[in-house]
Protein chains: 2
Amino acid sequence: MSKKKGDRTERELFHMFWEEGIACSRVAGSGSTPRPSPDLIAVTNNQSLAIECKSGKGRRYLKEKEVDELKYFGRVSGANLMVATRFDNEDWFFLKPEELGKGKGKNFYVDLNHAKKHGITFKELIKKFKQKKL
Amino acid sequence: MSKKKGDRTERELFHMFWEEGIACSRVAGSGSTPRPSPDLIAVTNNQSLAIECKSGKGRRYLKEKEVDELKYFGRVSGANLMVATRFDNEDWFFLKPEELGKGKGKNFYVDLNHAKKHGITFKELIKKFKQKKL
C-alpha cells in the first residue's frame with residue numbers, strides 16, 4: 001500500500017475522533033526518531049490512547065520490533081494501546097497488541113477475518129474509551 | 001527564527017521528556033489541519049500535557065487564534081497546557097496560556113524577563129506533572 005493511502009486512512013480516523021469530541025493528534029517523525037512513536041494519540045478525560053494504523057487490501061504484517069515499540073510507549077506513558085485496521089471497503093476494527101495474529105516467525109499479522117473476530121468496532125472503542133474501560 | 005531552528009529546539013524538549021521517563025510525541029501537521037494541534041504531547045501516568053513551543057532570540061508573539069486553539073485542545077482533551085519558551089543560551093521556561101504577556105492588541109507575547117518571572121523551569125514542570133499538580 002502506498003504511503004499516501006496510509007496517510008489518508010490515518011487522517012480519516014483522526015477526524016473520526018474529533019467528531020466524537022475526543023482530541024486526536026497525528027504523530028510526526030514515525031521512523032525518524034529513536035523513540036517509539038505511534039501513528040495517532042487520542043486524549044480525553046485523563047485517558048490517552050496510542051494507535052498504530054494498518055490499512056490496505058489484504059493481510060498486513062507488523063514486525064516484532066514495531067509491536068515491542070508500541071508496548072514500550074504504553075509502559076512509559078501509561079496510555080491505552082490499539083492497532084487500528086481498516087481494510088478496503090470495510091469498517092475500522094481495533095485490536096490490542098496481544099490480540100494480533102501470530103504467524104510462524106516473529107512477526108504479527110492482522111487480516112479482516114482476524115480483526116472481525118478479535119477486534120472491536122469504532123463505536124465500541126469510543127464507548128470503552130470514554131468509560132475508561134479500554 | 002527559521003523553521004529549522006524551531007524544529008531543533010522542539011526536538012530538544014522532546015528528548016528531555018523521554019530522558020525523564022515521560023513519553024512524548026511531536027505532533028504532525030501543525031497548520032495543515034483544521035483541528036487544533038499543539039507542537040508536543042507528553043503523556044505519563046494518566047496525565048497528558050499539550051505544549052506549544054516558542055524559541056528564538058527576543059520577544060515572541062502568539063496570535064490570539066493560536067492561544068485559543070491551544071485552549072480548545074485542552075477543553076476537548078482535558079490535557080494540561082503549557083507554552084514552552086527557550087530563548088537563545090537560556091534554559092526552558094514554561095507558562096500556562098493565561099500567564100502569557102498581553103500587549104495592546106489582541107496578541108500575546110513572551111520574552112525572557114516575562115518567562116523568568118511568570119514561568120516555571122523544566123525541573124519544576126516535571127515534578128508537578130508527575131505529581132498531577134500542573
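Structure's up top.
Residues numbered from 1 in each chain as written. Chains lettered and ligands numbered in written order. Predicted model: local features only at pLDDT ≥ 70, side-chain atom pairs only at ≥ 80, totals over all residues. Heavy atoms only, no water.

Colleague: Any chance you could explain the sheet that holds strand E9 (residues 120-121) of chain A here in plain terms?
Modeller: Paired through backbone hydrogen bonds, the strands of a sheet run either parallel or antiparallel to each other. Across the sheet, which stays open at both edges, the six strands sit in the order E1-E2-E3-E5-E6-E9 (chain A) with mixed pairing between neighbours. Of all the strands in the sheet, the pair left with one neighbour each is strand E1 (23-26) and E9 of chain A. Where strand E6 (residues 92-95) of chain A lies against E9 of chain A, two bridges are found, and the strand directions are antiparallel. From the neighbouring strand, Phe93 of chain A faces E9 of chain A, where its bridge partner is Thr121 of chain A. Running at roughly 120 degrees to E1 of chain A, helix H2 (residues 64-77) of chain B makes contact with E1 and strand E2 (40-44) of chain A of the sheet. (Pairing = 2+ DSSP bridges. Helix = DSSP H or I, 4+ residues; strand = E, 2+ residues; numbered from the N terminus. Contact = heavy atoms within 4.5 Å. Axes fitted to C-alpha atoms, helices over the stretch in contact; angles between N-to-C directions.)

Colleague: What should I look at first to understand the packing of helix H1 (residues 3-19) of chain A against helix H4 (residues 122-130) of chain A in this one?
Modeller: Packed helices, taken two at a time, are described by their axes: the angle between them and the distance between them. Residue and element names in this part refer to chain A. Where H1 contacts H4, the two axes come as close as 12 Å, and the packing angle between them is 50 degrees. On the basis of their axis angle, the class for H1 and H4 is oblique. Considering the relative orientation of H1 and H4, their crossing is right-handed. Between H1 and H4, the residues in contact are Leu13, Met16 and Phe17 and Phe122, Leu125 and Ile126, respectively. Partitioning the contact of H1 with H4 into residue classes produces six nonpolar, no polar and no charged. (Parallel < 35°, antiparallel > 145°, perpendicular 65-115°, else oblique. Left-handed = near helix turned anticlockwise from the far one by under 90°. Nonpolar A, V, L, I, M, F, W, Y, C, P; charged D, E, K, R; others polar.)

Colleague: Help me out: how do you make sense of the side chain of Arg26 of chain A in this one?
Modeller: Within the secondary structure, Arg26 of chain A sits in strand E1. For Arg26 of chain A, a relative accessible area of 15% gives the class buried. At 3.3 Å, the side chain of Arg26 of chain A forms a polar contact with the side chain of Glu10 of chain A. Look past the residues within four positions of Arg26 of chain A in its chain and what remains in contact with it is Asp7, Glu10, Arg11, Phe14, Asp39 and Leu40 of chain A together with Arg26, Val27 and Ala28 of chain B. (Buried < 20%, exposed > 50% of the residue type's maximum accessible area, 1.4 Å probe, protein only. Polar contact = N/O pair within 3.5 Å; in protein donor to acceptor, adjacent residues only side chain to side chain.)

Colleague: Teacher, can you tell me more about the pairing of strand E6 (residues 92-95) of chain B here?
Modeller: When a strand is regular, its side chains alternate between the sheet's two faces. Residues and elements named next belong to chain B. Burial along E6 is two-sided: Trp92 and Phe94 facing one way and Phe93 and Leu95 facing the other are all buried. In this structure, strand E5 (residues 80-87) lies alongside E6, joined through four bridges in antiparallel fashion. For Val83, the partnering residue across the bridge sits in E6 and is Leu95. Taking the residues between adjacent antiparallel strands as the criterion, E5 and E6 are bridged by four residues, where Asn89 takes a positive phi near 65 degrees.

Colleague: How should I be thinking about the interface of chain A and chain B in this particular structure?
Modeller: The parts lose accessible area when they come together, and the size of an interface is often stated as this lost area. Across the boundary between the two partners, chain A contributes 29 residues, which contact 29 residues of chain B. Taken as a group, Trp18, Arg35 and Val76 of chain A account for 28% of the area that chain A buries against chain B, more than any other trio of residues on that side. Between chain A and chain B we count zero salt bridges in total. Where chain A touches chain B, the interface holds four residue pairs in polar contact (both at pLDDT 80 or more). Those elements that place two or more of their residues in the side of chain A that touches chain B are H1, E1, E2, strand E3 (47-56) and helix H2 (64-77) of chain A. Looking at the side of chain A that touches chain B residue by residue, the class counts come to 15 nonpolar, eleven polar and three charged. (Buried area = accessible area lost by both parts, 1.4 Å probe. Salt bridge = Lys/Arg side-chain N within 4 Å of Asp/Glu carboxyl O.)

Colleague: Sorry, what's going on with the relation of the copies chain A and chain B here?
Modeller: Superposition of the two copies of the chain requires a rotation about an axis together with a shift along that axis. Each copy superposes on the other: chain A lies on chain B with an RMSD of 0.0 Å after a rotation of 180 degrees and an axial shift of 0.0 Å. Within this description, the copies of the chain are treated as partners about a two-fold rotation axis. When the interface residues of chain A are mapped onto chain B, 100% of them are again interface residues, pointing to one common binding face. (Least-squares fit on C-alpha atoms with pLDDT ≥ 70 in both.)

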